[in-house]
Amino acid sequence: MKSISRKNINQHIAKLQLQKPGTSFFLILFEQMGSFKIPRSAISLGFLLLAFAESVMGRFVVEKNSLRVTSPESIKGTQDSAIGNFGIPQYGGSMAGTVLYPKDNKKGCKKFDDFGISFKAKPGALPNFVLVDRGDCFFALKVWNAQNAGAAAVLVADDVEEALITMDSPEEDGSSANYIKNITIPSALIDKNFGEKLKKAIGGGDMVNVNLDWREAVPHPDDRVEYELWTNSNDECGVKCNMLMEFVKDFKGAAQILEKGGYTQFTPHYITWYCPQAFTISKQCKSQCINHGRYCAPDPEQDFSTGYEGRDVVLENLRQLCVFKVTNETNKPWIWWDYVTDFQIRCPMKEKKYNKECADSVIKSLGLDLKKIETCMGDPEADSDNPVLKLEQDAQIGKGSRGDVTILPTLVVNNRQYRGKLEKGSVLKALCAGFEETTEPSVCLSGDVETNECLDNNGGCWQDKTANFSACKDTFRGRVCECPVVNGVRFKGDGYSSCVASGPGRCQISNGGCWHETRNGVTFSACLDDEEGKCACPPGFKGDGIKTCDDVDECKEKKACQCPECSCKNLWGGYGCTCSGDLLYIRDHDTCISKRATEVKSAWTAVWIVMIVLAMASGGAYLIYKYRLRMYMDSEIRAIMAQYMPLDSQNEVPNHVNDNRA
């Protein structure tokens, strides 16, 4: 017996549908259960997928372009061809070329170099279109091999008589991912009968010239293009999810320019399906659905026992729809692109950040009303319809010229599904092809699109409005949120919600991210200008030093002015203390003393100082007087003695005593 895993059920169902078109998927599954060994959990998942398939596979519309044969005369005329869902169709334009049918490697499943075949056109000649047969390998591989051999376009001839189908890229194939993203030429599927005519003409030696025309592939009724993108928030679903994420980030700038200018009207959509009534209480339905099985998504890891659940994806899809609804009500629907790209960057599944907390932080950084978004989302546990998701399920069914949405991602332009590589340049061409002639915006006539995303709400990044600088850096592909370096001071943080200055000099830049406040000309700051970069409330305040520093009530907390005669009054950043009566407050000693005692004490101090000075002056004068008097007396005594008792060695001593004194 064969076995089939949950991972391959979706691919198996698609294969069975091609084998038995129009047959009920439930009938197909039961027919196959005799030859397949399917686990019980896989069967439950299979029923979910089948329920979804029956709800959306009602009508599939193949987008076509015109293929006109200009020579030879025997097959001249216009034929339909189905646009391939990879490569780059030339929307709004046309391409002429010569059709070649290789003698070897007719299905194009191998490299043409191995057969010595080249399709490169000679200088001055028309480009070469390669005709290959359907079968044996993926459509995309045929086109890739032809492109490498120099083909300008590829026509794939069907091998059975049937209506045209869309050539899609492999759903999940690691080996094909490397070349699918590099396919740049257009391709188309033609029916078997027309293919045989081309082969016959080429085999007969005729030069077959054709013209591929995409000018009418997109309706262009007026001066505004309406387009929608069917997307998914799941970032772990393989090659197509990666391609979708890259496209959203690359195309955001162009989309916002067109939307702000009123040139386009964009609407995002998300695919969901319901769980059959008989399985709503099963573990699988509960883990993958909300609102009692009404809205479901597949398990991201395709394993019910680990990782994220399908209901997590449904909830985030719903949140993104509500972000668009709320922003659209404020006439700023382009903010949806900011939210989706930021959520991809900041909240990936592989980093275990795919949750409500991370989503709420993105919403707050973009300045959106979180309560309105939560109200829009409603109660996921309610046993009733969710108005937003109900509209999404209804929109999945095709209307008018647009078929049912069955391929994810799907871009619809003017109600016509886009086919080709989901890439900025080619999608922009498709949008520009949707404008009425002469009404195209200037962006459609320029070589490229660039927008400064930091000008709108600062790009959702952190900013210091006071100092007028931010973490937003505009780039060609969008913007990044990275903490800046200002006047030699580096800021550190995540760039989205916080950037804090660090290192010496940081207090000169917005107070280093610390608390500061000015009142009545007096400023206090909690910034400490040191290597550690700490924030500490100054004396007289208490708090974390970053967001708050509250004034300390010294009077209430009895930290000062507590003497019996003191009267305390709290001030911002300090306190005031006065004494009763004629007393004077001494702050250093936290006490009051009498003003009179102070005055008397001061007077006596002055008197004593004067007296001391006078005493010192008198003492000094007296000493000088005594010194001079003694010197005079010594001189007189020596004179008298010299007169009456002359010395032998002294002949004569002058007499200083006059006669009268003698």
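Residues numbered from 1 in each chain as written. Predicted model: local features only at pLDDT ≥ 70, side-chain atom pairs only at ≥ 80, totals over all residues. Heavy atoms only, no water.

## As for the overall build of the protein chain
No. 1: From N to C terminus, the protein chain includes 15 helices and 30 strands.
No. 2: When burial is assessed residue by residue, the protein chain has 46% of its 662 residues classed as buried.
No. 3: By sequence separation, contacts in the protein chain at least 24 residues apart represent 63% of the contacts at least 6 residues apart.
No. 4: Counting every atom, the protein chain has about 35300 Å² of accessible surface; 53% of that belongs to carbon and sulfur. (Helix = DSSP H or I, 4+ residues; strand = E, 2+ residues; numbered from the N terminus. Buried < 20%, exposed > 50% of the residue type's maximum accessible area, 1.4 Å probe, protein only. Contact = heavy atoms within 4.5 Å. Areas by Shrake-Rupley, 256 points an atom, 1.4 Å probe, with all protein chains shown as cover.)

## Topic: the sheet that holds strand E10 (residues 225-231)
No. 1: Taking strand neighbours across the sheet as the criterion, the 4 strands line up as E11-E10-E14-E15 in an open arrangement whose pairing is mixed. Each having just a single partner strand, strand E11 (264-270) and strand E15 (416-417) make up the two edges of the open sheet.
No. 2: As paired strands, E10 and E11 are joined by 7 bridges and run parallel to one another. When the bridges of E11 are listed, Leu229 appears paired with Pro268.
No. 3: Across the sheet, helix H13 (residues 387-395) lies against E10 and E11, angled at about 100° from E11, the strand it touches most. (Pairing = 2+ DSSP bridges. Axes fitted to C-alpha atoms, helices over the stretch in contact; angles between N-to-C directions.)

## Focus: the nonpolar core
Proteins that are soluble and globular tend to have nonpolar side chains buried together.
No. 1: Counting 59 residues, the largest nonpolar core has Tyr227, Phe251 and Tyr339 as the members making the most contacts within it.
No. 2: Counting residues per element, this core draws most heavily on helix H9 (residues 310-329), at 9 residues.
No. 3: Setting aside residues up to four positions removed in sequence, Tyr339 forms contacts with Glu316, Arg319, Gln320, Val323, Ala359, Val362, Ile363 and Leu366. (Core = buried A, V, L, I, M, F, W, Y, C linked by side-chain atoms within 4.5 Å.)

## What about the packing of helix H11 (residues 356-365) against helix H12 (residues 370-377)?
No. 1: At a closest axis distance of 10 Å, the pairing of H11 and H12 adopts a crossing angle of 130°. In terms of orientation, H11 lies oblique with respect to H12. The residues of H12 that touch H11, namely those facing Lys356, Asp360, Ile363 and Lys364, are Leu370, Ile373 and Glu374.
No. 2: For the contact of H11 with H12, the class distribution of residues is 3 nonpolar, no polar and 4 charged. (Parallel < 35°, antiparallel > 145°, perpendicular 65-115°, else oblique. Nonpolar A, V, L, I, M, F, W, Y, C, P; charged D, E, K, R; others polar.)

## Some details on the confidence of the model for the protein chain
No. 1: On average, the protein chain scores 79 in pLDDT, and the residues at 70 or more come to 80%.
No. 2: Predicted confidence is poor over residues 1-60, with pLDDT under 50, and the contacts of this stretch with residues over four places away or in other chains come to 95 contacts.
No. 3: Counted against residues more than four places away or in other chains, residues 652-662, with its pLDDT under 50, gives 6 contacts. (pLDDT = per-residue confidence, 0-100.)

## So, the packing of aromatic side chains
No. 1: The full count for this structure, using the stated rule, is 19 aromatic pairs.
No. 2: When the ring of Tyr308 is compared with that of Tyr354, the centres are 5.4 Å apart and the planes differ by 70°; the resulting orientation is edge-to-face. Linking Tyr308 in the loop between strand E13 (295-296) and H9 with Tyr354 in the loop between helix H10 (335-346) and H11, this pair joins segments that are 46 residues apart in sequence. As far as burial versus exposure is concerned, Tyr308 and Tyr354 are alike and both buried.
No. 3: An aromatic cluster is built from Tyr227, Phe247, Phe251, Phe266, Phe324, Trp336 and Trp337, whose rings are joined through pairwise contacts.
No. 4: Residue placement shows Arg346 over the ring face of Tyr496; its charged tip is 4.2 Å from the ring centre. (Phe/Tyr/Trp six-rings, centres within 6.5 Å; stacked < 30°, edge-to-face > 60°. Lys NZ or Arg CZ within 6 Å of the ring centre and 35° of its normal.)

## Thoughts on the pattern of salt bridges
No. 1: Tallying each qualifying case throughout the model produces 22 salt bridges.
No. 2: In this structure, Glu351 and Lys353 form a salt bridge, with 3.5 Å as the shortest nitrogen-oxygen distance.
No. 3: When its relative accessible area of 43% is taken as the criterion, Glu351 is described as partly exposed.
No. 4: When salt bridges that share partners are traced, they join Asp133, Glu196 and Lys199 into one network. (Salt bridge = Lys/Arg side-chain N within 4 Å of Asp/Glu carboxyl O.)

## Looking at the pairing of strand E30 (residues 591-594)
It is a general feature of regular strands that their side chains alternate between the two faces of the sheet.
No. 1: Across 4 bridges, the pairing between strand E29 (residues 583-586) and E30 is antiparallel. Note that in E30 the partner of Leu584 across the bridge is Ile593.
No. 2: Between the end of E29 and the start of E30, which pair antiparallel, lie 4 residues, with Asp590 showing a positive phi angle near 50°.

## A few points about the state of the cysteines
No. 1: By the definition in use, this model includes 15 disulfides.
No. 2: Disulfide pairing places Cys461 opposite Cys481 at an S-S distance of 1.8 Å. On the S-S bond that ties Cys461 to Cys481, the torsion sits near -70°, and the link is left-handed. Of this pair, Cys461 sits in the loop between helix H14 (424-432) and strand E16 (463-464) while Cys481 sits in strand E19 (residues 478-481), and the two are 20 residues apart along the sequence.
No. 3: By relative accessible area, Cys481 is classed as buried at 11%.
No. 4: At a sulfur-sulfur separation of 1.8 Å, the disulfide partner of Cys514 is Cys535. (Disulfide = S-S within 2.5 Å.)

## Let's talk about the environment of Arg311
No. 1: Secondary-structure assignment places Arg311 in helix H9.
No. 2: Between the alpha carbons of Arg311 and Asp299 there is a distance of 8.0 Å; along the sequence they are 12 residues apart.
No. 3: Among residues more than four places away in sequence, those in contact with Arg311 are Lys286, Ser287, Gln288, Cys289, Ile290, Pro380 and Glu381.
No. 4: Of note is the side chain of Arg311, whose polar atom sits 2.9 Å from the backbone oxygen of Cys289. (Polar contact = N/O pair within 3.5 Å; in protein donor to acceptor, adjacent residues only side chain to side chain.)

## A few points about the pairing of strand E28 (residues 574-579)
No. 1: Pairing geometry for strand E27 (residues 566-571) and E28, over 6 bridges, is antiparallel. Along E28, the bridge assignment pairs Cys566 with Cys579.
No. 2: Between the antiparallel neighbours E27 and E28 lie 2 residues, among them Gly573 with a positive phi of about 85°.

## A short note on the sheet that holds strand E22 (residues 500-502)
No. 1: Ordered in space as E20-E21-E22, the 3 strands form an open sheet in which the pairing is antiparallel. Two strands bound the open sheet, and with one partner strand each, they are strand E20 (485-486) and E22.
No. 2: Sheet topology places strand E21 (residues 489-492) next to E22; 3 bridges connect them, and they run antiparallel. Residue pairing for E22: Arg490 is matched across the bridge by Ser502.

## Quick look at a negative patch on the surface
No. 1: On the surface, a cluster of negative charge is contributed by Asp222, Asp223, Glu436 and Glu437.
No. 2: Note that Asp223 resides in the loop between strand E9 (209-213) and E10. (Patch = residues over 30% accessible without salt bridge, like charges linked within 9 Å, V, L, I, M, F, W, Y side chains within 5 Å. Lys, Arg positive; Asp, Glu negative; His and termini not counted. Charge placed at Lys NZ, Arg CZ, Asp CG, Glu CD.)

## Things to note about the side chain of Thr98
No. 1: Here Thr98 is to be found in strand E5 (residues 94-100).
No. 2: Look at Thr98 and you get buried, because its relative accessible area is 12%.
No. 3: Polar side-chain contacts of Thr98 include one of 3.0 Å to the side chain of Asn209.
No. 4: In contact with Thr98, not counting residues within four places along its chain, are Leu126, Pro127, Asn128, Phe129, Met207, Val208 and Asn209.

## With respect to the packing of H9 against H12
No. 1: It is at 9 Å that the axes of H9 and H12 come closest, and there the two elements cross at 125°. Accordingly, the angle class assigned to the pair H9 and H12 is oblique. Crossing geometry of H9 relative to H12 is assigned as right-handed. Taking contact as the criterion, the partners of Leu315, Leu318, Arg319, Cys322, Val323, Lys325 and Val326 in H9 are, on H12, Lys372, Ile373, Cys376 and Met377.
No. 2: Grouping the amino acids of the contact of H9 with H12 by side-chain chemistry returns 8 nonpolar, no polar and 3 charged. (Left-handed = near helix turned anticlockwise from the far one by under 90°.)

## Remarks on H12
No. 1: Of the positions making up H12, those classed as buried are Leu370, Ile373, Cys376 and Met377. Take H12 and look down its axis: the buried residues cluster within an arc of 125°, on one side only. Of the exposed residues in H12, the ones pointing more than 90 degrees away from its buried face are Lys371 and Thr375.
No. 2: The N-terminus of H12 is capped by Asp369, whose side-chain oxygen sits 3.1 Å from the backbone nitrogen of Lys371.
No. 3: Of the residues flanking the end of H12, it is Gly378, one or two places downstream, whose phi is positive at about 70°. (Arc of directions from axis to C-beta.)

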